[in-house]
Amino acid sequence: MANIEDLKEEAKKLLREGKVKYIIGYGAGTNGWPAAPLFIKKHEDVDKLVWNPTCVHNLVRFLVDEKRRKARQKQPDKRPVGIMVKGCDSRAVVVLLQEKFIDRNDVYILGVSCGKTGVVDDAKLSKKMGGKKAKKVEVDAQDRFVVTTEEGTVEAAAEELLAERCLECKANFPVIYDVLSGEKTKRPLDKPFGSLEKIESLSAAERWSFWKEQLDKCIRCYACRSACPMCYCDECVVDSINLAVTADTTADEKAQRIRWVQRSAESSENLIYHLVRAIHLAGRCIDCGECERACPLDIPLRFLNKKLEKEAKELFGYEVGFDSALPALISSFRDEDPQDFIR
Amino acid sequence: MEKTLAKKSFPQWIKKLGSWSVYIPRKDKEGRWNYVEADGGEVGLEVLQTTLPPKKILFPQREVFLEFAMTPAGGRETLEVKEVLPDVKPTVIIGARPCEARAAWLLDKVFGGEFRDVYYWKRRDQTSLVGFACTTPPSENCFCTSVEGSPHSEEGLDLLLTDLGDKYYVQSLSPKGEKLISAAKDLFEEPKPEVKKQVKAAHAESEKKIKRQLKDARPIAEKLKGMFGSPLWDEESMSCLRCGICTYLCPSCHCFDINDEIENSSPLRGQRVRTWDTCQFPDFTMHSSGHNPRPDKAARLRQRLLHKFQYFVQVYDKFMCVGCGRCITLCPVGIDIIKVLDKVRENGA
């Protein structure tokens with residue numbers, strides 16, 4: 001596990017020397033979850049940075065915001081932004097580089113290794129603590145979690161509290177970084193797609209009823225899309241702004257504009273929304289699990305993305321987010337690529 | 001009217017409401033609480049907070065206003081338009097938190113002002129709210145006492161039940177409440193004189209258990225008037241993801257959009273529907289010219305807070321926030337309305 005103190009000196013230096021515009025990191029949360037994203041502009045504030053197993057958020061999402069902000073400014077500040085990334089998050093940076101959404105000079109990467117553990121799952125944590133709120137979660141020398149509540153501390157084996165994605169993690173330390181804290185030890189990974197086994201064993205009818213029930217819960221708050229660093233389209237297919245209106249646009253044209261997905265949170269519309277998102281993430285999703293974590297109704301969205309990750313691996317031998325020099329899956333082909341699905 | 005109801009009689013009372021639609025909080029497979037139709041079955045009444053407030057029963061996420069269809073009649077096409085009004089049977093929401101009922105009371109003001117929203121009132125008039133005083137705060141982020149509410153507030157409720165160990169103390173607050181009691185008169189008893197004291201003590205105790213506090217909400221509302229252009233909104237919205245959680249799951253947020261949903265284009269057939277909308281979405285109130293009145297996250301966070309703590313106060317003299325804390329608890333990046341308003345209070349002070 002990385003130690004935040006290792007990064008603080010570097011962060012202070014970067015800000016003091018004006019090498020970065022600001023640093024996107026983790027600070028203390030106030031809403032009952034110990035960590036929250038923190039934006040630091042002044043070197044005096046660097047001591048507010050934290051790193052612990054509740055730093056679940058994928059901060060790479062905020063690079064999308066930064067790009068939008070820059071696009072709106074007449075004379076944008078071209079300095080990079082500093083960003084704290086875990087292993088999984090670093091793979092999101094790789095995809096953004098691969099897709100040329102950002103340039104390597106746009107970011108200064110402060111990498112943190114998860115060592116042999118990772119981040120905790122909020123539902124597992126809450127269950128373990130019987131509803132009591134964790135004030136602090138730490139990792140001890142034996143790689144066990146130590147949870148502090150108002151009533152004392154509780155220890156737990158890492159596997160008991162780790163987020164599902166961490167149990168299937170392929171990069172427990174960043175694959176790209178400018179500075180790194182923590183060790184580069186590999187974790188044994190026996191079943192990289194273990195979480196899919198249960199759902200894959202169901203019949204088509206059973207899967208349909210499973211997804212129907214799950215997607216019917218969706219209220220289309222778009223937290224999954226909003227938390228995703230890969231969902232960076234300026235105009236999302238579900239938004240009603242996808243019509244360029246000019247002085248010549250007639251009322252009819254406005255009324256007749258194509259709405260691919262209706263706003264109503266109904267079975268058919270919810271299904272289309274989630275399938276469009278899943279397909280758009282095929283070969284791009286790095287399994288940071290943010291969509292599922294952000295969902296207020298606990299729809300198991302990770303299954304959809306994990307399944308497509310598995311397809312990419314099995315059909316094309318492609319693993320997302322390890323090499324920014326490789327072409328993206330969707331924009332490349334090889335002669336030996338399977339073609340038997342083309343009829 | 002004040003009564004007591006033995007806890008063991010509670011399920012019998014619910015049974016007696018057989019002709020009503022009864023909504024109660026239930027846990028789903030993932031362990032989340034939600035208001036669902038009871039349809040018999042267990043009625044558990046722990047002090048809890050559902051993910052979605054009962055707003056969805058009074059103001060559903062999707063409401064059909066009218067249906068339209070082009071029909072060929074004698075070589076000419078005619079457009080038929082049919083109004084669709086909600087057809088709702090008597091409904092009772094059991095286990096509402098007092099703050100949620102207070103939010104319904106605020107919605108009543110919005111939908112019952114100068115323009116009376118017939119769709120809302122068709123449901124509202126048929127719906128009774130049975131609240132349970134929060135003897136312990138259902139969420140660690142509860143702050144109702146800071147926004148002129150309380151864990152035993154009565155606004156919007158028809159009955160308020162307070163847990164007294166083996167029985168509930170039942171306060172009827174409206175004719176609708178009396179009707180609910182008279183549906184099973186025999187189960188309710190006259191309260192003994194000492195009970196009132198117990199209730200008062202339980203209510204006082206419940207207020208003390210609220211952990212979070214927003215100080216000086218009224219002065220903040222006043223101060224917000226001069227903060228439209230403040231850089232604070234930029235800073236506080238940096239981590240916002242622009243999702244709709246804080247507003248969709250808010251018991252008092254009520255913005256909506258109206259769209260025509262075309263089922264078939266030739267011959268034309270479809271519905272005009274109202275759906276929830278939120279100031280947090282990038283296309284909220286976007287003009288057809290392409291102009292967006294709230295072009296960035298800062299403007300959208302400001303809109304949410306100003307609507308709740310400035311505009312609504314100016315119009316109705318109430319906060320449009322009941323302090324349930326859902327927006328705080330459920331925000332994926334931990335944006336905390338209390339902390340943001342704390343900064344407003346301290347701004348320039």
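Everything quoted here is computed from the prediction, not taken from an experiment.

Chemist: Which residues make up the overall build of chain A, and what values go with them?
Modeler: Looking only at helices and strands, chain A has 13 helices and eight strands in total. Here the C-alpha atoms of chain A give a radius of gyration of 21 Å, agreeing with the 20 Å that 2.2 N^0.38 yields for 343 residues. With the C-alpha coordinates aligned to their principal axes, the bounding extent of chain A is approximately 60 × 55 × 45 Å. Counting every position in chain A, which comprises 343 residues, the buried fraction comes to 42%. Within chain A, contacts between residues separated by at least 24 positions form 71% of all contacts whose residues are at least 6 apart in sequence.

Chemist: Give a description of the domain arrangement of chain B that names residues and reports values.
Modeler: In many analyses, interface size is given as the accessible surface area lost on bringing the parts together. Residue and element names in this part refer to chain B. Its domain assignment divides chain B into domain 1 (1–60 + 82–213) and domain 2 (214–349). Using only C-alpha atoms to locate each centre, domain 1 and domain 2 end up separated by 26 Å. Take the side of domain 1 that touches domain 2: its biggest share by element is eight residues, from helix 3 (residues 98–111). Residues of the side of domain 1 that touches domain 2, tallied by class, amount to twelve nonpolar, seven polar and seven charged.

Chemist: Pulling in residues and values, what's your account of the interface of chain A and chain B?
Modeler: Contacts between the two partners involve 32 residues from chain A and, on the opposite side, 36 residues from chain B. Taken together, the elements giving at least two residues each to the side of chain A that touches chain B come down to strand 2 (35–40), helix 9 (223–227) and helix 12 (290–294) of chain A. Partitioning the side of chain A that touches chain B into residue classes produces 15 nonpolar, nine polar and eight charged.

Chemist: Before we move on, can you summarise the packing of helix 7 (residues 217–224) of chain B against helix 12 (residues 337–346) of chain B with the specific residues and values?
Modeler: In a packed pair of helices, the relevant descriptors are the angle between the two axes and the axis-to-axis distance. Residues and elements named next belong to chain B. Between helix 7 and helix 12, whose axes approach to 9 Å, the crossing angle comes to 70°. In this view, helix 7 runs roughly perpendicular relative to helix 12, as classed from their interaxial angle. The hand of the helix 7/helix 12 crossing is left-handed. Taken together, the residues of helix 12 that come into contact with helix 7 (itself represented by Ile220, Lys223 and Leu224) are Leu341, Val344 and Arg345.

Chemist: Report on the sheet that holds strand 5 (residues 136–139) of chain A, specifying residues and quantitative values.
Modeler: Residue and element names in this part refer to chain A. On the basis of which strands lie adjacent, the open sheet formed by three strands has the order 5-6-7 and antiparallel pairing. Edge strands, defined here as strands with exactly one partner in the open sheet, are strand 5 and strand 7 (152–157). Strand-to-strand, the axes of this sheet are offset by a mean angle of 25°, without reference to chain direction. Bridging between strand 5 and strand 6 (residues 144–149) involves four bridges; their strand directions are antiparallel. Bridge pairing in strand 6 places Val137 opposite Val147.

Chemist: Describe helix 12 of chain B, with residues and values.
Modeler: Within an α-helix, residues lying three or four positions from one another point in the same direction, as the helix has 3.6 residues per turn. Residues and elements named next belong to chain B. Listed in full, the buried residues belonging to helix 12 are Ile337, Leu341 and Val344. Down the axis, helix 12 shows its buried residues gathered within 45° of arc, on one side only. Packing partners of the buried residues in helix 12 comprise helix 7, helix 8 (232–237), helix 10 (297–316) and helix 11 (326–330).

About the cut-offs
- All residue numbers refer to position in the chain's written sequence, counted from 1.
- Working convention: letters from A go to chains and numbers from 1 go to ligands, in the order in which they are written.
- Only residues with pLDDT of at least 70 are given local features in this predicted model, and only at 80 or more are side-chain atom pairs given and counted; all residues enter the totals for whole chains, interfaces and linings.
- Under the scheme used here, helices are H or I runs from DSSP no shorter than 4 residues and strands are E runs no shorter than 2 residues, and both carry numbers assigned from the N terminus.
- Our radius of gyration looks at C-alpha atoms and nothing else; its globule reference is 2.2 Å times the residue count to the power 0.38.
- With C-beta atoms placed from the backbone, the exposure class of a residue follows from how many other C-beta atoms lie within 10 Å of its own: 20 or more, buried; 12 or fewer, exposed; in between, partly exposed.
- For the purpose of contact definition, each residue receives a C-beta atom placed from its backbone, and two residues are in contact when these atoms lie within 7 Å.
- The start and end points of each domain follow an automatic or database-based domain assignment.
- Residues are sorted three ways: Asp, Glu, Lys and Arg are charged, Ala, Val, Leu, Ile, Met, Phe, Trp, Tyr, Cys and Pro are nonpolar, and all the rest, Gly among them, are polar.
- What counts as an axis is a line fitted to C-alpha atoms, over the stretch in contact for a helix, and the angles between N-to-C directions run from 0 to 180 degrees.
- Just so you know how the angles are binned, under 35 degrees is roughly parallel, over 145 roughly antiparallel, 65 to 115 roughly perpendicular, and the rest oblique.
- By definition, any crossing whose near helix is turned counterclockwise from its far helix by less than a right angle is left-handed, and any crossing with a clockwise turn is right-handed.
- Note: two strands are recorded as paired if DSSP finds a minimum of 2 bridges between them.
- Here the arc refers to the directions that run from the helix axis out to each C-beta atom.

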